[in-house]
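Structural characterization, general
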Amino acid sequence: MYTSRVTLADYDYDLPVAAIAQAPPETRDGARLLVIDRAAGTLADRHVADLPALLRPGDCLVVNDSRVIPARVLAEDAAGRPVELLFLEPVTPSRWRALVRPGRRCRPGARLSVGDARLEVLAADDDGARVVELAGGRVEDLLAAHGLPPLPPYIARHAKPAAEDWERYQTVYAREPGSVAAPTAGLHLSAALLDGLRARAIEIHAVTLHVGPATFRPVTAASAEAHALPPERATVSAATAAAVTTTRRPCRRVVAVGTTVTRTLESAATAEGTVAPLDGHATVTIRPGHRFRAVDALLTNFHLPRSSLLILVAAFAGRERILAAYRHAVAGGYRFYSYGDATLIQ
């Protein structure tokens, strides 16, 4: 059994506030790319546009085609005071789970309004979310009319997203609505870059993982080993499962675009190293000691200190190697987090 004395504090690093990207790069594939070679122990400063030359013919690139929903809604309580809701997932078409702020204004029985729409808080879940019902309509329609892109709070304009956020906080291949945060590694992939990868005989396949609040909630466990992520809705089609399995048999590489793809594929992986179709939830929590059975390389952004995403990346590449790479990135002026630059770990 894997044992370690590493605590959550050992996944911390110093990041100047100025290094947190406040806007996307001018073009999707214009971001910088730090290439981390695990075997050679080297770092190389490149650009996302270099991906076709960095990946190998025969590699299988797997993306997450979940679509970010306009989940953030500004409402008022019965006294006219502001309430913010982040709609998470449907229970029925008119009834959804949502995070609310401030919680004291959204106790069960509270009534809220969004324009002419009327909402009632029915219940509070154990995880702090509320079950909210829309009177006489579908929440999906409410989001279409009043919802905002759910930008992370470290982006200064998150309360008032700019026009560009509607396009850029979404991947070009987003298809299945359901995420409340973007699978950010995929934000770097432009249609032209994807065409360039295909021209290099690099296969591109999709899975779906609807990103939930666990991706931005802080880790509260004392150590990485004690942390557990809740299940997230995920799908791996039979075609993608077969493609990934076929790629791995001749020792070609499966390249996951982001931590969401990594969690999905590793949840669908078998002990024999194949990947099975999945229609349900990704359940695995990837932490130190995890044996990777499906993913060989990882394209991912720079992640928050002490976060479950940083723990996943460290499990893939080694904690000390990742923290050294992050120090290199800070010194080199890389941009961090959702709209920031990326790493390729291979």
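See the structure shown above.
Presented here is an overview of the structure given in this document. Computed from a predicted structure; not experimentally measured.

Of regular secondary structure, the protein possesses 8 helices and 17 strands. Taking the principal axes of the C-alpha coordinates as reference, the protein spans close to 60 × 45 × 45 Å. Looking at the protein residue by residue over its 346 residues, the buried ones come to 54%. Put simply, the protein shows about 15200 Å² of open surface, and 52% of that area lies on carbon and sulfur atoms.

Moving on: the sheet that holds strand E15 (residues 278-282). The strand order across the open sheet built from 9 strands is E2-E1-E17-E16-E14-E3-E12-E13-E15, with neighbouring strands paired in mixed fashion. Every interior strand has two partners, whereas the edge strands, strand E2 (42-47) and E15, have only one. Strand-to-strand twist of the sheet, defined as the mean angle between neighbouring strand axes without regard to direction, takes the value 25°. Here strand E1 (residues 32-37) runs beside strand E17 (residues 342-345); their pairing, made up of 4 bridges, is parallel. What sits directly across from Leu 34, in E17, is Thr 343. Here helix H5 (residues 238-248) sits on the sheet and contacts strand E3 (60-64), strand E12 (203-209), strand E13 (232-236) and strand E14 (254-257); the angle it forms with E12, its principal contact strand, is near 130°. The strands that helix H8 (residues 319-331) touches are E1, E2, strand E16 (297-301) and E17; relative to E1, the one it contacts most, it runs at about 150°.

On to the pairing of strand E10 (residues 130-134), then. Judged by how many residues are buried, E10 sits mostly within the fold: 4 of 5 residues are covered. Examined bridge by bridge, strand E7 (residues 95-101) and E10 share 4 bridges and lie antiparallel to one another. Bridge pairing in E10 links Trp 96 to Val 132. One ladder, built from 5 bridges, connects strand E9 (residues 117-124) with E10; its direction is antiparallel. Looking at the pairing, Glu 120 lines up with Glu 133 of E10. Here E9 folds back onto E10 in antiparallel fashion, the turn holding 5 residues, of which Gly 128 has a positive phi close to 95°.

Attention shifts here to the packing of aromatic side chains. This structure, assessed with the given rule, holds 11 aromatic pairs. Here Phe 292 and Phe 316 contribute two aromatic rings whose centre-to-centre distance is 5.0 Å and whose plane-to-plane angle is 80°, an arrangement assigned as edge-to-face. In this pair, Phe 292 sits in the loop between E15 and E16 while Phe 316 sits in helix H7 (residues 308-317), placing the two residues 24 residues apart along the sequence. Each member of the pair, Phe 292 together with Phe 316, is buried. Measuring from centroid to centroid gives 5.7 Å for Phe 302 and Tyr 334, while their planes differ by 65°, and the two rings are edge-to-face. Highlighted residues: Phe 302 in the loop between E16 and H7 and Tyr 334 in the loop between H8 and E17, separated in sequence by 32 residues. On the accessibility criterion, Phe 302 (1% relative accessible area) is buried. Here a set of aromatic residues connected by ring pairs shows up, and it is made of Tyr 13, Tyr 154, Phe 302, Tyr 326, Tyr 334, Phe 336 and Tyr 337. Lying across the ring of Tyr 334, Arg 32 places its NZ or CZ 3.8 Å from the centre. Positioned above the aromatic ring of Phe 316 is the side chain of Arg 38, whose terminal nitrogen or guanidinium carbon lies 4.1 Å from the ring centre.

For the rest of this paragraph, the subject is unusual backbone geometry. Looking along the chain, the bond that leaves Arg 101 and enters Pro 102 is cis, with omega of -5°. Considering the arrangement of structural elements, one finds Pro 102 in the loop between E7 and strand E8 (111-114). Unlike most non-glycine residues, Tyr 337 shows phi in positive territory, near 75°. Positionally, Tyr 337 belongs in the loop between H8 and E17. In this structure Tyr 337 comes out as buried when scored by relative accessible area, which is 8%.

Scoring rules and cut-offs
- Residues numbered from 1 in each chain as written.
- Predicted model: local features only at pLDDT ≥ 70, side-chain atom pairs only at ≥ 80, totals over all residues.
- Heavy atoms only, no water.
- Helix = DSSP H or I, 4+ residues; strand = E, 2+ residues; numbered from the N terminus.
- Buried < 20%, exposed > 50% of the residue type's maximum accessible area, 1.4 Å probe, protein only.
- Areas by Shrake-Rupley, 256 points an atom, 1.4 Å probe, with all protein chains shown as cover.
- Pairing = 2+ DSSP bridges.
- Axes fitted to C-alpha atoms, helices over the stretch in contact; angles between N-to-C directions.
- Contact = heavy atoms within 4.5 Å.
- Phe/Tyr/Trp six-rings, centres within 6.5 Å; stacked < 30°, edge-to-face > 60°.
- Lys NZ or Arg CZ within 6 Å of the ring centre and 35° of its normal.

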